[in-house]
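Inside the fold
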Amino acid sequence: MGLVIKYFRWVEKKTGQVHTPKAYDTLLMVMARSKNFQSLEQILEELSLAESGPSNNTCTELVSSFIKLGRLEEAVHMMQTMRKFKFRPAFSAYTTLIGALADANKPDLILTMFHQMQEIGYEVNIQLFTTLVRVFAKEGRLDAALSLLEEAKSNAFEADIVLYNVCIDCFGKVGKVDMAWKFFHEMKAQGLTPDDVTYTSMIQILWKGNKLDEAVELFEQMELNREVPCAYAYNTMIMGYGSAGKFDEAYKLLERQREKGCIPSVIAYNGILTCLGKKGNVDEAFRIFEDMKIDAAPNSATYNILLDMLCKAGRLEAAYKVRDAMEDAGLFPNVLTVNIMVDRLCKAQKLDEAFRIFEGMGEKGCSPNAVTFCSLIEGLGRNGKVDDAYRLFERMLDAGHIPNAVVYTSLIRSFFKCGRNDDGHKIFKEMLRRGSHPDLTLLNTYMDCVFKARDIEKGRALFEEIKNHGFTPDARSFSILIHGLIKAGHARETYKLFYAMQEHGCMLDTLAYNTVIYGFCKSGLVDKAYQLLEEMKTKGHPPTVVTYGSVIDGLSKIDRLDEAYMLFEEAKSKGIKLNVVVYSSLIDGFGKVGRIDEAYLIMEEMMQSGLSPNVYTWNCLLDALVKAGEINEAIVCFQSMKDLKCSPNTFTYSILISGLCRVQKYNKAFVFWQDMHKQGLVPSVVTYTTMISGLAKVGNITEANGLFERFKARGGVPDSAIYNALIEGLSNANRAMDAYRVFEEMRQKGCRISANTCIVLLDALHKADCIEQAGTISVILRGIAKSQFTMAKS
């Protein structure tokens, strides 16, 4: 192209004349056909000075060349440059470019070109409006699609059947069943007769929207007085019945199709087989497979469907037989077949079988592709074989495959799951070094792994890094950040992050709602959480057991138990299967405020619903009984817990020991203490303190002192209560010097000694003729008295 432009300039210089518009147009056509656009803008500028412009053919050829090179943004820029130089690009150039932009799903650029056409004065047609509506609806931008429809109507365009079909299909695919249904009825009102495409699209939308009865009614309406059945409509209805598990109806449709002289196709049978596979009806699928051979020859897709379901069911011998039958039918297993088998076997944790198929691919005449490697790497990683996964990753590189973000995501997740956090970080760095770019899923997964590894600051940094990689954090990004911060004790940040989500325009899904609600409850903003629960319902996100559980727990913790119970009843009325966590929250709440009878009733209901209370549930009830002074009932409850095969934990014993000591049943408490040790449970600091104090008070000083020494040997730090109780116990047991040694240790630790302890110790020292030590205690006792007198005066 460089030589052409040089010659173009040489001629200009040699003749001393400016080139004609025709010469410029020819040069532009050469540029277009050679797909070399060197100096394009300069040539266009010179042409504008000649007050001319490229011909329509040249303009369209230039656009087509950019499109063939996949340089759509440059094509748009060229059209805008032409407008800058006051050219009027050809109508066909616009329509060609808009068509290419539609194929590439670039609605905003399409709209730019569409408006530019209108500014120039071109009369746009209904076909262009149809293209725009399709693209915007496909992207889920329904308001923009509806706005374009209104614009078409305001321009007096009459919507044709193609536009209506596009609207029905696009709006239906994004879940707007009512809107699709409205278009269907509107087209009939406009005098347009729905065709096969209209009916079939609407039928498919209805059954996917769980409106099977309406789909059946529409199908029958379509079939009324029709001699030749629409095979595509039959296939759609058969798939609908299969998805709903109504296989008898699907089989009847096959028979009905035969009766009308139309033999069911392989597509119809593949639809039924797919649905049977999803329902796990493998044997029934093979019965249909045999029937199918009468009407239609199985194709590669048929065999792949069968292999898929057999591998999922772990029926490997049958899967190998199907693979052999596939070969016998002349349909040699391709890489797609192998990938299905490898992926399903990995998910069924049959890695050795998956590897055997992988290694034998060469014998079958096909080579593994990136998908094959990805499935095996994922399978190995999920089963803890991270080193094997990494070695396979290296083989993938050696084979010349470029790993995608899915492979790197799998490796990062696997390393972190195995506790090898440094290796997980290295994988991310290696990916960047190789020039691979992360996607949002990878960054979210990496951030989630980092938060679970309790690296809070790194997790925060990764959230910010999402933006640096050119992505906008989505609802999952915020959910991971909020959940990670809550687990790290930063629940109060939930409020700020929730509003940041809204500012970013994040559409909250169920997971995001649940995370935010959980955060609000943990930070005490229960009313805000309750408000969000109601918002979920209006936004079409039915609250789950997690949602209800969070709010019920939040209300229970702030003693709003009647509201919590109402929510509990609401959840049950909606058919939500409540779990042990929800029941435990209510039992704990009612127990803490002394409403023991209600706590018992909830426990009873829980067991009647088939749920077994866990150790936390029993502990909540035991704690409530102890605090209510019902210690005998607590012991009965403890026995019931053991009878129901729920093993008590350290906290269970601590509750009972504390309760028994509180009512001065120290010896009984010591029995539970010994039982606790027999179970191999290690007492907490509070339990040690309670038990030592209790034994000392009851005079069992040998055991108390022994516990005291074992407590310290295990690294325990005694407090003032434990020291005072032990000193008094030793003093009362006439072990004055032992008491005094504990007293000295207490002073060195800086713990406060009570006046009563000093009096008891002083009396014991006098009785034991320990005059010097008694004098020390007397001085300290006078100091305590003086301090109390000074405080009283002030």
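Just so you know, these numbers come straight off a predicted model, no measurement behind them.

1. Considering unusual backbone geometry
One non-glycine residue, aspartate 559, adopts positive backbone phi at about 65°. Along the chain, the position of aspartate 559 falls in the loop between helix 32 (545-557) and helix 33 (561-573). Here the phi dihedral of lysine 645 falls at roughly 65°; this positive angle occurs in a residue that is not glycine.

2. Focus on the packing of helix 10 (residues 161-173) against helix 12 (residues 196-208)
Following both chains from N to C, one finds helix 10 and helix 12 inclined at 15°, their axes separated by 9 Å at the closest point. Comparing the axis directions of helix 10 and helix 12 gives the class roughly parallel. In the packing of helix 10 onto helix 12, the handedness of the crossing is left-handed. Of the residues in helix 12, those in contact with Ile161, Asn165, Ile168, Asp169 and Gly172 of helix 10 are Val197, Thr198, Ser201, Met202 and Ile205. The class makeup of the residues in the contact of helix 10 with helix 12 is five nonpolar, four polar and one charged.

3. So, the nonpolar core
Of all hydrophobic cores here, the largest spans 258 residues; its most connected members are Leu40, Met79, Ile377, Met501, Ile657 and Met691. Isoleucine 377 has contacts with Ala389, Leu392, Phe393, Met396, Val407, Ser410 and Leu411, leaving out every residue within four places of it along the chain.

4. Quick notes on the pattern of salt bridges
Taken as a whole, this structure holds 45 salt bridges when the rule is applied. The shortest N-O distance in the salt bridge between glutamate 220 and arginine 256 comes to 2.9 Å. Residue glutamate 220 is found in helix 13 (residues 212-223), and its partner arginine 256 is found in helix 15 (residues 247-259); the two are separated by 36 residues along the sequence. For arginine 256, a relative accessible area of 24% gives the class partly exposed. A cluster of three or more residues bridged by salt bridges with shared partners is formed by Asp308, Asp343, Arg344 and Lys347.

5. A short note on the environment of arginine 413
Checked against the element boundaries, arginine 413 lands in helix 24 (residues 405-417). Distance in space between the C-alpha atoms of arginine 413 and tyrosine 234 is 44 Å, their sequence separation being 179 residues. In this structure arginine 413 touches Glu378, Arg382, Thr445 and Cys449, once residues within four positions along its chain are discounted.

6. Remarks on the UniProt feature "domain: Pentatricopeptide repeat-containing protein-mitochondrial" (unreviewed entry) in the chain
UniProt tags residues 60-150 as "domain: Pentatricopeptide repeat-containing protein-mitochondrial" (unreviewed entry). The straight-line gap between the two end C-alpha atoms of residues 60-150 is 30 Å; of that span, 78% is helix and 0% is strand.

Thresholds applied
- Residues numbered from 1 in each chain as written.
- Predicted model: local features only at pLDDT ≥ 70, side-chain atom pairs only at ≥ 80, totals over all residues.
- Heavy atoms only, no water.
- Helix = DSSP H or I, 4+ residues; strand = E, 2+ residues; numbered from the N terminus.
- Axes fitted to C-alpha atoms, helices over the stretch in contact; angles between N-to-C directions.
- Parallel < 35°, antiparallel > 145°, perpendicular 65-115°, else oblique.
- Left-handed = near helix turned anticlockwise from the far one by under 90°.
- Contact = heavy atoms within 4.5 Å.
- Nonpolar A, V, L, I, M, F, W, Y, C, P; charged D, E, K, R; others polar.
- Core = buried A, V, L, I, M, F, W, Y, C linked by side-chain atoms within 4.5 Å.
- Buried < 20%, exposed > 50% of the residue type's maximum accessible area, 1.4 Å probe, protein only.
- Salt bridge = Lys/Arg side-chain N within 4 Å of Asp/Glu carboxyl O.
- UniProt positions renumbered as here; feature names shortened; annotations may be inferred.

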